[in-house]
Amino acid sequence: QRVGHVYAFEPHPTTFQCLRANVALNGLTNVTVYPLALWDTPAILRIEAHEGGNVGGTQVRDNMTNEWHTPCAAVPLDSIVPPPMDILKVDCEGSDDKVLRGARYLIQQSSGIRVFAEGGGDVWADLGLAEVRRTTNGGQGPCYHLVKS
């Protein structure tokens, strides 16, 4: 029996379709997927394709200069996911600070929350988070384990 619920957000259309198909294929009834980006405010952003076709390196930004971009809707996590939350994993290719700001209420209302993020260190203290461990993320840089301070 599965306990809890997973909310997954993926703004890249191709990757979203793959995610949704994998959730269905595996019969995961406790997972809800959204074709949205997470941000600190509601916005229409742009998905910038990573050179070489690596969608894992795709970035969502509010000021794109690359002509190869796709618009996408973005929302704060606080507007969709109800507290409390046990674990928040953020991997947003340089936009972790925006995602964490958009989860301010959720973090505040989740006393035992554990946050795993690759960045966003500028906002951790403001959100009441403190680093407890730093690990490597498959050679791609650090991943930080944060808890409420």
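Residues numbered from 1 in each chain as written. Predicted model: local features only at pLDDT ≥ 70, side-chain atom pairs only at ≥ 80, totals over all residues. Heavy atoms only, no water.

Engineer: In this structure, what is going on with the environment of serine 149? I would like to understand it.
Structural biologist: Relative to the assigned elements, serine 149 resides in the segment after strand S10 (142–148). Judged by relative accessible area, serine 149 falls into the exposed class, the value being 72%. Look past the residues within four positions of serine 149 in its chain and what remains in contact with it is Gly128, Leu129 and Ala130. (Helix = DSSP H or I, 4+ residues; strand = E, 2+ residues; numbered from the N terminus. Buried < 20%, exposed > 50% of the residue type's maximum accessible area, 1.4 Å probe, protein only. Contact = heavy atoms within 4.5 Å.)

Engineer: Got a minute to help me understand the pairing of strand S6 (residues 69–75) in this structure?
Structural biologist: Across a regular strand the side chains alternate sides, sitting on one face of the sheet and then on the other. Here strand S3 (residues 37–38) pairs with S6 via two bridges, running parallel. The partner of leucine 38 across the bridge, within S6, is valine 75. (Pairing = 2+ DSSP bridges.)

Engineer: Quick question: what am I supposed to make of the packing of aromatic side chains here?
Structural biologist: Aromatic ring pairs are defined here through the distance separating the ring centres and the angle between the ring planes. As enumerated under the stated definition, the model contains two aromatic pairs in all. Between tryptophan 124 and tyrosine 144, the aromatic rings sit 4.9 Å apart at their centres with planes inclined by 65 degrees, giving edge-to-face as the arrangement. Here tyrosine 144 lies in strand S10 and tryptophan 124 lies in the loop between strand S8 (114–117) and strand S9 (129–136), a separation of 20 residues in the sequence. An identical accessibility class is assigned to tryptophan 124 and tyrosine 144; each is buried. (Phe/Tyr/Trp six-rings, centres within 6.5 Å; stacked < 30°, edge-to-face > 60°.)

Engineer: Looking at this model, I keep getting lost on the confidence of the model for the protein chain. Mind explaining?
Structural biologist: Any segment with low pLDDT has predicted coordinates that should not be analysed in fine detail. Counting all residues, the mean pLDDT for the protein chain is 87, and 86% of those residues have values of 70 or more. Element-level mean pLDDT values for the protein chain span from 73 in strand S5 (residues 59–61) up to 97 in strand S2 (residues 31–34). (pLDDT = per-residue confidence, 0-100.)

Engineer: Help me understand the sheet that holds S9, please; the structure alone is not making it clear to me.
Structural biologist: If you trace the four strands from one edge of the open sheet to the other, you get S7-S8-S10-S9, paired in mixed fashion. Both edges of this open sheet fall to strand S7 (87–90) and S9, since each of them pairs with a single strand only. Within this sheet the neighbouring strands show an average axis-to-axis angle of 20 degrees, counted without direction. The pairing of S7 with S8 spans four bridges and is classified as parallel. Bridging across to S8, leucine 88 finds its partner in valine 115. (Axes fitted to C-alpha atoms, helices over the stretch in contact; angles between N-to-C directions.)

Engineer: In this structure, what is going on with the nonpolar core? I would like to understand it.
Structural biologist: In globular proteins that are soluble, nonpolar side chains generally tend to be buried together. Among the nonpolar cores identified, the biggest contains 23 residues, and Leu77, Met85, Leu88, Leu100, Ile107, Val115 and Leu129 are the most heavily contacted of them. Residues Ala37, Val60, Cys72 and Ala74 belong to the second largest nonpolar core, which totals seven residues. (Core = buried A, V, L, I, M, F, W, Y, C linked by side-chain atoms within 4.5 Å.)

Engineer: I'm lost on the pattern of salt bridges in this one. Help?
Structural biologist: When their charged atoms lie close together, side chains carrying opposite charge are able to pair. Evaluated as defined, the whole model comprises four salt bridges. Of the charged contacts, one joins aspartate 40 and lysine 98 as a salt bridge, the two residues approaching to 3.7 Å between their closest N and O atoms. Residue aspartate 40 is found in the loop between S3 and strand S4 (43–48), and its partner lysine 98 is found in helix H2 (residues 96–101); the two are separated by 58 residues along the sequence. Here lysine 98 falls in the partly exposed class, since its relative accessible area comes to 22%. (Salt bridge = Lys/Arg side-chain N within 4 Å of Asp/Glu carboxyl O.)

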